[in-house]
Amino acid sequence: MVKKKIYLAVVSVMVVGTWIVSGCVSRSHGNRAEWMTEKIASRLDLNGEQKDRLNGLRDEWIEKGKELYDSRSAIKGELVAQLRSDKIDRDRLAEAVKKEEAKLNGAVSDLVARLAEFHDSLTPEQRADLARMVEKWDGRRRVHQHPEG
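Residues numbered from 1 in each chain as written. Predicted model: local features only at pLDDT ≥ 70, side-chain atom pairs only at ≥ 80, totals over all residues. Heavy atoms only, no water.

Right, let's talk about the nonpolar core for a bit. Judged by nonpolar contacts, I40, A41, L44, L46, L54, F118, L122, L130, M133 and W137 together constitute the single largest core of 10 residues. Counting only elements with at least two residues in this core, the list comes to α2 (29–44) and α5 (124–143). Aside from chain neighbours lying at most four places away, what touches L130 is I40, L44, F118 and L122. (Core = buried A, V, L, I, M, F, W, Y, C linked by side-chain atoms within 4.5 Å. Buried < 20%, exposed > 50% of the residue type's maximum accessible area, 1.4 Å probe, protein only. Helix = DSSP H or I, 4+ residues; strand = E, 2+ residues; numbered from the N terminus. Contact = heavy atoms within 4.5 Å.)

Further remarks concern unusual backbone geometry. One non-glycine residue, D45, adopts positive backbone phi at about 55°. With relative accessibility at 63%, the residue D45 sits in the exposed group.

Our next topic: the environment of E60. One can find E60 in helix α3 (residues 48–84). In this structure the C-alpha to C-alpha distance between E60 and R114, which are 54 residues apart in sequence, comes to 8.5 Å. When sequence neighbours within four positions are dropped, the list of residues in contact with E60 reads D110, L111 and R114.

This next bit is on the side chain of Q50. Looking at where Q50 falls in the secondary structure, it is placed in helix α3. Looking at Q50, the relative accessible area reads 4%, which means it is buried. Apart from residues lying up to four places away in sequence, Q50 is in contact with D45, F118, S121, L122, T123 and Q126.

Moving on to helix α4 (residues 90–120). Here α4 spans 44 Å end to end across 31 residues, near enough to the 45 Å set by a 1.5 Å rise per residue. Of the positions making up α4, those classed as buried are L93, A96, E100, A107, L111 and F118. (Expected span 1.5 Å × (residues − 1).)

Pasting the structure below:
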């Protein structure tokens, strides 16, 4: 009985310790993007020019992500303002959504162009390896999400 209590105590301490340590890991988008670009650069054995293109893509992706987050906040603010009013101004709300939608389309176009430049700088073997890496990461991501989402 004493051994069982000691065993449970040790297991509990290990579980709590793991939980605390895992909570200390930085999970910001910037850090994740940095980790991914380093992993891609090392696995694909990129040269200096390719690394510069990849880092440029990463930096632009992070910048556009921040801009789009602000856009989402702007739409949310307008939506809340309209919901608090006596009557929803459909034209104003639709215009706000169209404005933010245009920003999103512009950001996507810029990022696709950057991605195409990086892709063009890769060898066929590097492209195949990159595709396998993305598929592997996507498979891992799906494991941690609900089947519907």
